[in-house]
Amino acid sequence: MPELPEVETVARGLRQAILGRRILSVTLGKTDFIDDPAALEQHLPGRQIEAVERYGKFMLLRLSAVNEETRAATNGDAAPASLLVHLGMTGQIAPSPAGQPLEKHTHVCLLLDDGRELRYTDARRFGRIAYLTKTSLAEELAGFGADPLEVSKEEFANRICERRARIKALLLDQSVLRGVGNIYADESLWRARIHPARLGTKLSGKDAETLRRALQDILRKAIVLRGSSISDFLDAAGEPGEYQRHHRAYGREGKKCYRCKTAIRRAIVAGRSSYFCPRCQPSPRSFAALPLPGKNRRKAERRGAGKSPRNTGKS
Ligand SMILES: [Zn+2]
């Protein structure tokens, strides 16, 4: 599931590939993941793609105002607007020559003025696409927390150390930080030697700063390596990322810790599979008392996942 580095990678690829192109027409397949499909068909044609930005795990295609020739068809909504794209679990977005046969599960095609189509494919359709005016975009983004790459030492400490929630849950909570998911939460906690079940209120200012730096270093390195390809993540040029080779905790259950050679463990924390080194990341007493998930772990995980509605990113 794409997190901040993967979405940033796709956004950078799109910036190189489609910036300045004008959208001529829209063709839709299945639309159950699109907020208002008719709005795409009505409002996208005629607009130019002026910027591609990342906001947490969202991509935002910033669209120009509609020009004079197409104004009549837009029902009065001619002001600059945005197209929000969330890749969900299996979403991919990339330009292709318009004549090229469609990949399976292609659900959105935007014909561009250079003869290519910007195509969105999504096998599981957990992604989301929405046409947003300036006002609806502001409402959409209002509840999100700080960008982890830009958050200051003070703001990070305020957002983490004043909450009686497990640090893993806080990292995943998009209203605390936007863009972190399961992989980069586990990797940064391992680097900072903090157990995922520790409470935010129990972390010292020094712990918080160690974690902030670990998180930023890891996210930056992952962006340089174009993200982690765990299952099927591909960038805008159809290439997998390489950061998965640098994972130190995530997905390494039973393998030796790179620091101390103790076997990496996995437990359910905040409703999610969490990987950690039991020696480098000592568990808080409250957590050690809980029974370890056994055979029913998948069930426990599903139950737990349903209990964290604020974790909108699913990854
Ligand atoms: Zn260790």
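Above this text you will find the structure in question.
Student: Describe the packing of helix α7 (residues 182-192) against helix α8 (residues 205-224), with residues and values.
Tutor: Viewed as axis vectors pointing N to C, α7 and α8 meet at an angle of 130°, and their least axial separation amounts to 8 Å. If you check the angle between α7 and α8, you find them oblique. The handedness of the crossing between α7 and α8 is right-handed. On the side of α7, the interface is formed by Tyr184, Glu187, Ser188, Leu189, Arg191 and Ala192, while α8 contributes Thr210, Leu211, Ala214, Leu215, Asp217, Ile218, Leu219 and Ala222. Of the residues assigned to the contact of α7 with α8, the class counts are nine nonpolar, two polar and three charged.

Student: Any chance you could break down the coordination of the zinc ion for me, citing the residues and the numbers?
Tutor: Around the zinc ion, the donor atoms from the protein are Cys257 (SG), Cys260 (SG), Cys277 (SG) and Cys280 (SG), and they sit 2.2 to 2.4 Å away. Its four donor atoms give the zinc ion angles of 97 to 114° at the centre, a pattern that matches the tetrahedral case. Written as a sequence motif, the donor arrangement for the zinc ion is C-x2-C-x16-C-x2-C. Of this pair, Cys260 sits in the loop between α8 and β9 (265-269) while Cys280 sits in the loop between β10 (272-276) and α9 (285-288), and the two are 20 residues apart along the sequence. Given a relative accessible area of 9%, Cys280 falls into the buried group.

Student: Describe the packing of helix α5 (residues 153-161) against α8, with residues and values.
Tutor: One way to put it is that α5 packs onto α8 with a least axis distance of 9 Å and a crossing angle of 115°. The orientation of α5 relative to α8 falls into the category roughly perpendicular. α8 is crossed by α5, and the crossing has right-handed handedness. In contact with Lys153, Phe156, Ala157 and Cys161 of α5, α8 contributes Ala208, Glu209, Leu211, Arg212 and Leu215.

Student: Could you give an account of the packing of aromatic side chains, naming the residues involved and the relevant values?
Tutor: Tallied over the entire structure, the rule returns five aromatic pairs. Taking the centre distance of 5.9 Å and the plane angle of 90° together, the rings of Tyr55 and Phe144 count as edge-to-face. Taken together, the positions of Tyr55 in strand β2 (residues 49-55) and Phe144 in the loop between α4 (134-141) and α5 put the pair 89 residues apart, joining distant regions of the chain. Residue classification places Tyr55 among the buried positions, given a relative accessible area of 17%. In this structure an aromatic cluster arises from ring pairing among Tyr55, Phe58 and Phe144. In this structure, Arg248 is placed above the aromatic ring of Tyr258, and the distance from its NZ or CZ to the ring centre is 3.9 Å. The ring of Trp190 has Arg259 sitting right over it, with the charged end atom 3.8 Å from the ring centre.

Definitions and limits used
- Residues numbered from 1 in each chain as written.
- Predicted model: local features only at pLDDT ≥ 70, side-chain atom pairs only at ≥ 80, totals over all residues.
- Heavy atoms only, no water.
- Axes fitted to C-alpha atoms, helices over the stretch in contact; angles between N-to-C directions.
- Helix = DSSP H or I, 4+ residues; strand = E, 2+ residues; numbered from the N terminus.
- Parallel < 35°, antiparallel > 145°, perpendicular 65-115°, else oblique.
- Left-handed = near helix turned anticlockwise from the far one by under 90°.
- Contact = heavy atoms within 4.5 Å.
- Nonpolar A, V, L, I, M, F, W, Y, C, P; charged D, E, K, R; others polar.
- Donors = N, O, S within 2.8 Å, 3.2 Å for Na, K, Ca; no water.
- Tetrahedral: all angles 85-135°; square planar, octahedral: opposite > 155°, others 65-115°.
- Buried < 20%, exposed > 50% of the residue type's maximum accessible area, 1.4 Å probe, protein only.
- Phe/Tyr/Trp six-rings, centres within 6.5 Å; stacked < 30°, edge-to-face > 60°.
- Lys NZ or Arg CZ within 6 Å of the ring centre and 35° of its normal.

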